[in-house]
Amino acid sequence: MFQDNPLLAQLKQQIQETLPKKEGTIKATEKGFGFLEVDSKTSFFIPPPYMKKCMHGDKVKAIIRTEKEREVAEPEELIEQGISRFIGRVKLFKGKLNVAPDHPQLKKLALKAKTRKGIKSDDLKEGDWVVAHLTRHPLKGDNGFFVEISEKITDADDKIAPWWVTLAQNDLPNSEPAGIDNWQIKDDADLQRVDMTHVPFVTIDGASTKDMDDALYAKKTESGDFELTIAIADPTAYITPDSEMDKVARERGFTIYLPGRNIPMLPRDLADELCSLMQDEIRPALCCTVTISKDGVIADDIQFFAANIKSHARLVYDQVSDWLENGQSPEWQPSEQIATIVRDLYEFSLARADWREKNAVVFPDRPDYRFELSEDNDVVAIHADMRRSANRLVEEAMITANICAGRTLKETFNSGVFNTHAGFKPEKIADVLSFVNPDGELPFSAESVVTLEGFAELRRWLGQQETSYLDNRIRKFQSYSEMGNQPLPHYAMGLDIYATWTSPIRKYGDMINHRMLKAHILGKAPEQTADETVGEELALHRKHHKIAERNVGDWLYARTLAEEPNKQTKFNGEIFDINRAGMRVRLLENGAAAFIPGSLILANKERLECNGDAGTVSVDKEVTYRLGDVLEVVLTEVNQENRSLVAKPTQEFAEVKSVEDSASEAQ
């Protein structure tokens, strides 16, 4: 009787119009209710019935009303969908097709679905991985949620799912670009390549590396200085800026490196064969020669030139490191000529490393964690590879080469693709000084730390402290590294200029710099320059690649460590993040990240404080843990669905008895 009463409907509308409204983002929970997060400090409860009209991540306008003496939000208008394209798993209910999104806050949703033309629903089985698109939304006036499946990624039980699903999730390619039948050299007609095939260049790479993109030669002079020559593979000899292959390379930006496999930026026949600096094969290369003083100073005699080179020895990191560190390698005995070159390269690297330690910024050594996979994609082992002498040798050569390129591009064109870092965020300078120099006794001031020299001096001082706590705190006040076409300093490295050109097989920005360096050699205007958008493009590619690398890693860690909670295996965890909910640690044995909730540090909230601003965890108002600390932990949960690890410290805190309990026991 009252259901269709227009007067009641009008009254209801008038009441709603008088109620306050807020805009915010939906945060869903596993228990069916949610929150409207208006800002970092304001949120409103959303009861389960109202949550059926919205989804985690939706930006909405909601009516705020009081129900049962509590303010609640009722989503009324959709401002922006939280998801449109997403990855999910097929769910079949009474033969009807549904998709459950692969997202921690959305996994319990089962959205009605249909397939796009060309995809047979009969081919989809329970648990299969698919790409889906949200086509209907209740807040748009639709009757419930509805999705359309546009692609099947892989079967439910496919062991390669971590890779295929992650690549699809980030909209990344899952194979290398197609090659062409007959690659041709397409150099500028005026570019003359110097014959350097007689120079005994060496390559130093991992044992399984195929795309060898740098070869090195050094000669120590009688004065103790070093004549260094760096030869870099030259794919721009084959790929012109207006070609389809160049468009593909720019769209990809980088080779994608994932645990256990990579997806090349360029076709493998070019990257792994035709351009790869294989031993005894003549290859086109872009080269740089420069003198490095015995004190590690880069001279002004930088010369770039195009050449044909030939690697005289294909060397392996571990074998060269064994030989340098122990005087011999059981697997490698160099000829006298190669031994002399390697020794001179090593001495050069020591001189440069010493200069950088005193004048720039050297990052602390940390292991690279590497998954060893079986042929059927099971994790056999996780290796923690430390950087050794040969790795540092190559690193110093590449850093030197990139400084030379930066100087040359700046002087010739005042443009290129530069790696830059702006130091501390201006609004955080006061916070930096309050941490490192609260009493004003150290030579750091607001004026000094904004300069390259002052920033580098502060970073060197932080590296000399007994613990990494201050270093970890200060990093939160730094800007992010960027790529752009302006020749700006790289504060984080302590360098006034830095432009990479040493990996053109793997980085599109390096291809641009190659073309500009060739223009410098020819004395011509570049056929391609670094425009204003290229830095943002490359940064976006790099961001998605890093997310993909981390996601695959999380998946493999969850698989590999699944039984560790039952075994109560003890790990050493380094604290790298603290927030009010707990702290995150990196397991030093394998590189996995685990979360330690506050309740597993101490179940008593009154006694525990997790302070993200200070980077500390306190028990009974005394600091117990700080950023950078290493503690012993055990895993308590490995969640396969969310690919997440939960841990707790092995150290336990005694319960504090009340005054009444203590008095009672005393009696």
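Residues numbered from 1 in each chain as written. Predicted model: local features only at pLDDT ≥ 70, side-chain atom pairs only at ≥ 80, totals over all residues. Heavy atoms only, no water.

- The name recorded for the chain in an unreviewed UniProt entry is Exoribonuclease 2, from Vibrio brasiliensis LMG 20546.
- In its Function (unreviewed entry) section, the UniProt record describing the chain reads: "Involved in mRNA degradation. Hydrolyzes single-stranded polyribonucleotides processively in the 3' to 5' direction."
- Recorded in UniProt for the chain, the comment headed Sequence similarities (unreviewed entry) runs: "Belongs to the RNR ribonuclease family. RNase II subfamily." (UniProt positions renumbered as here; feature names shortened; annotations may be inferred.)

## Some details on the overall build of the chain
Now for step 1: On a plain count of helices and strands, the chain comes out with 16 helices and 29 strands.
Now for step 2: Overall, the C-alpha framework of the chain stretches about 100 × 80 × 50 Å when taken along its three principal axes.
Now for step 3: Across the 667 residues in the chain, those meeting the buried criterion constitute 48%.
Now for step 4: In the chain, the share of contacts with a sequence separation of at least 24, taken over all contacts with a separation of at least 6, comes to 66%.
Now for step 5: Accessible surface for the chain amounts to roughly 34,100 Å². Of this, 46% is attributable to carbon and sulfur atoms.
Now for step 6: For the chain, the centre of its 84 positive side-chain charges and the centre of its 109 negative side-chain charges are spaced 6 Å apart. (Helix = DSSP H or I, 4+ residues; strand = E, 2+ residues; numbered from the N terminus. Buried < 20%, exposed > 50% of the residue type's maximum accessible area, 1.4 Å probe, protein only. Contact = heavy atoms within 4.5 Å. Areas by Shrake-Rupley, 256 points an atom, 1.4 Å probe, with all protein chains shown as cover. Lys, Arg positive; Asp, Glu negative; His and termini not counted. Charge placed at Lys NZ, Arg CZ, Asp CG, Glu CD.)

## Points about the sheet that holds strand 6 (residues 85-93)
Now for step 1: Pairing is mixed around the closed barrel formed by five strands, whose spatial order is 6-7-8-10-9. If you compare each strand with its neighbour and ignore which way they point, the axes differ by 55° on average.
Now for step 2: Direction of pairing for strand 8 (residues 111-115) relative to strand 10 (residues 146-154): parallel, over a ladder of three bridges. If you follow threonine 115 over to strand 10, its bridge partner there is isoleucine 149. (Pairing = 2+ DSSP bridges. Axes fitted to C-alpha atoms, helices over the stretch in contact; angles between N-to-C directions.)

## Some remarks on the side chain of aspartate 128
Now for step 1: As for its position among the elements, aspartate 128 is in the loop between strand 8 and strand 9 (129-136).
Now for step 2: Judged by its relative accessible area of 0%, aspartate 128 falls in the buried class.
Now for step 3: In terms of polar contacts, aspartate 128 uses its side chain to reach the backbone amide nitrogen of lysine 125, at 2.8 Å.
Now for step 4: A distance of 3.0 Å separates a polar atom in the side chain of aspartate 128 from the backbone nitrogen of alanine 156.
Now for step 5: In contact with aspartate 128, other than residues within four places in its own chain, are Gly88, Arg89, Val90, Asp123, Lys152, Thr154, Asp155 and Ala156. (Polar contact = N/O pair within 3.5 Å; in protein donor to acceptor, adjacent residues only side chain to side chain.)

## A closer look at the pattern of salt bridges
Now for step 1: The final tally for this structure, using the stated rule, is 42 salt bridges.
Now for step 2: Lysine 125 is the partner of aspartate 128 in a salt bridge, and the nearest nitrogen-oxygen pair spans 3.8 Å.
Now for step 3: Salt-bridge contacts for lysine 247 lead to glutamate 244; the nearest nitrogen and oxygen are separated by 3.3 Å. Within this pair, lysine 247 and its partner glutamate 244 are both found in helix 4 (residues 244-252), separated by three residues, close to a single helical turn.
Now for step 4: A single salt-bridge network, built from bridges that share partners, covers Lys125, Asp128, Lys152 and Asp155. (Salt bridge = Lys/Arg side-chain N within 4 Å of Asp/Glu carboxyl O.)

## Quick word on unusual backbone geometry
Now for step 1: Even without a glycine there, the phi angle at asparagine 414 is positive, about 55°.
Now for step 2: As for its position among the elements, asparagine 414 is in the loop between helix 8 (389-413) and strand 20 (418-420).
Now for step 3: Among the residues examined, asparagine 414 registers a relative accessible area of 44% and is labelled partly exposed.
Now for step 4: At glutamine 568, a position not held by glycine, the phi torsion is positive, near 55°.
Now for step 5: Turning to its location among the elements, glutamine 568 is positioned in the loop between helix 14 (564-567) and strand 22 (570-579).

## Here's the deal with the domain arrangement of the chain
Now for step 1: What the domain assignment reports for the chain is domain 1 (6-80), domain 2 (85-158), domain 3 (194-422 + 479-552) and domain 4 (562-649).
Now for step 2: The centre of domain 1, based on its C-alpha atoms, is set 54 Å off from the matching centre of domain 3. (Domains from an automatic or database assignment.)

## Brief notes about the nonpolar core
Now for step 1: Ile309, Leu315 and Trp501 are the most contacted members of the largest nonpolar core, which totals 81 residues.
Now for step 2: In terms of residues, this core owes the most to one element, helix 8, which gives eleven residues.
Now for step 3: Not counting residues within four places of it along the chain, the set of residues in contact with leucine 315 comprises Val202, Thr203, Ile204, Asp205, Val320, Trp332, Ile338 and Val342.
Now for step 4: The next biggest cluster of nonpolar side chains, apart from the first, holds 56 residues, and it includes Phe371, Ile601, Leu627 and Val633. (Core = buried A, V, L, I, M, F, W, Y, C linked by side-chain atoms within 4.5 Å.)

## Digging into the pairing of strand 11 (residues 194-205)
Now for step 1: The element strand 11 is extensively covered by neighbouring structure, given that nine of its twelve residues are classed as buried.
Now for step 2: Of the pairings in the sheet, the one linking strand 11 to strand 17 (residues 303-316) comprises eight bridges and is parallel in character. Across the sheet, isoleucine 204 pairs through a bridge with leucine 315, a residue of strand 17.

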